[in-house]
Amino acid sequence: MKARWTNTALEHLLAIYEYIAQDSSVYAQRMVDRLTRRSEQIATFPLSGRMVPEYEAKDIREMVEKPYRIIYRIKPEQIDVLAVIYGAQLLSENFK
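Presented here is an overview of the structure given in this document. If you're wondering where the values come from, they're calculated on a predicted model, not measured in any experiment.

Conventions used here
Residues numbered from 1 in each chain as written. Predicted model: local features only at pLDDT ≥ 70, side-chain atom pairs only at ≥ 80, totals over all residues. Heavy atoms only, no water. Helix = DSSP H or I, 4+ residues; strand = E, 2+ residues; numbered from the N terminus. Rg over C-alpha atoms; globule rule 2.2 N^0.38 Å. Buried < 20%, exposed > 50% of the residue type's maximum accessible area, 1.4 Å probe, protein only. Areas by Shrake-Rupley, 256 points an atom, 1.4 Å probe, with all protein chains shown as cover. Lys, Arg positive; Asp, Glu negative; His and termini not counted. Charge placed at Lys NZ, Arg CZ, Asp CG, Glu CD. Axes fitted to C-alpha atoms, helices over the stretch in contact; angles between N-to-C directions. Parallel < 35°, antiparallel > 145°, perpendicular 65-115°, else oblique. Left-handed = near helix turned anticlockwise from the far one by under 90°. Contact = heavy atoms within 4.5 Å. Nonpolar A, V, L, I, M, F, W, Y, C, P; charged D, E, K, R; others polar. Core = buried A, V, L, I, M, F, W, Y, C linked by side-chain atoms within 4.5 Å. Pairing = 2+ DSSP bridges.

1. Some remarks on the overall build of the chain
1) Next: Summing up its helical and strand segments, the chain has 2 helices and 5 strands in all.
2) Next: Secondary structure elements of the chain occur, N-terminal to C-terminal, as β-α-α-β-β-β-β.
3) Next: The C-alpha radius of gyration of the chain comes to 13 Å, within 12% of the 12 Å expected for a compact globule of 96 residues.
4) Next: Buried positions account for 41% of the 96 residues belonging to the chain.
5) Next: Split by element, the accessible area of the chain, about 6000 Å² in all, is 52% carbon and sulfur.
6) Next: Within the chain, the 13 negative side-chain charges are centred at a point lying 5 Å from the centre of the 14 positive side-chain charges.

Structure below.
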């Protein structure tokens, strides 16, 4: 199965990079690399993530790559990475 990053998730990834890069572009790139590698794991093992607590949907799951949550939706042919948010942040209604 393949993981596809939505535009929203890519925007989140860029924002994370830019925020961390204010202090260190090296650490910013390392975090982006960790997050994108985690999406490869999600593509291989889509059910390895837990169901998102804010929702009751079995197809919307999350994988934690501290301090971030990678939110994704399992579809028959692919995985859609919906968002990458800070771990303490709650999801909005947009992803139902």
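Still more to cover.
2. What to know about the packing of helix H1 (residues 7-21) against helix H2 (residues 25-44)
1) Next: It is at 7 Å that the axes of H1 and H2 come closest, and there the two elements cross at 155°. Viewed along their axes, H1 and H2 adopt a mutual orientation that is roughly antiparallel. For H1 against H2, the interelement crossing comes out right-handed. Here H1 contributes Leu13, Ile16, Tyr17, Ile20 and Ala21 to the contact with H2, which in turn contributes Ser25, Tyr27, Ala28, Gln29, Met31, Val32, Leu35 and Thr36.
2) Next: A breakdown of the residues in the contact of H1 with H2 according to their chemical character gives 10 nonpolar, 3 polar and no charged.

3. Notes on the environment of Gln41
1) Next: Positionally, Gln41 belongs in helix H2.
2) Next: A relative accessible area of 31% means that Gln41 is categorised as partly exposed.
3) Next: In the structure, Gln41 is positioned 18 residues away from Asp59 in sequence and 16 Å away in space, judged by C-alpha atoms.

4. Topic: the nonpolar core
1) Next: Of all hydrophobic cores here, the largest spans 19 residues; its most connected members are Ile16, Leu35 and Tyr68.
2) Next: Secondary-structure elements contributing two or more residues to this core are strand S1 (2-5), H1, H2, strand S4 (68-74) and strand S5 (78-86).
3) Next: With 6 residues, the single largest contributor to this core is H2.
4) Next: Among residues more than four places away in sequence, those in contact with Tyr68 are Ile16, Ile20, Met31, Leu35, Met63, Val84, Ile85, Tyr86 and Gly87.
5) Next: Membership of the second largest hydrophobic core comes to 7 residues, among which are Val52, Tyr55, Ala83 and Ile85.

5. A short note on the sheet that holds S1
1) Next: The strand order S1-S5-S4-S3-S2 describes an open sheet built from 5 strands, whose pairing is mixed. Lying at the two open borders of the sheet, with one neighbouring strand each, are S1 and strand S2 (50-51).
2) Next: Sheet topology note: the S4/S5 ladder contains 7 bridges and is antiparallel. Bridged to Arg69 within S5 is Ile85.

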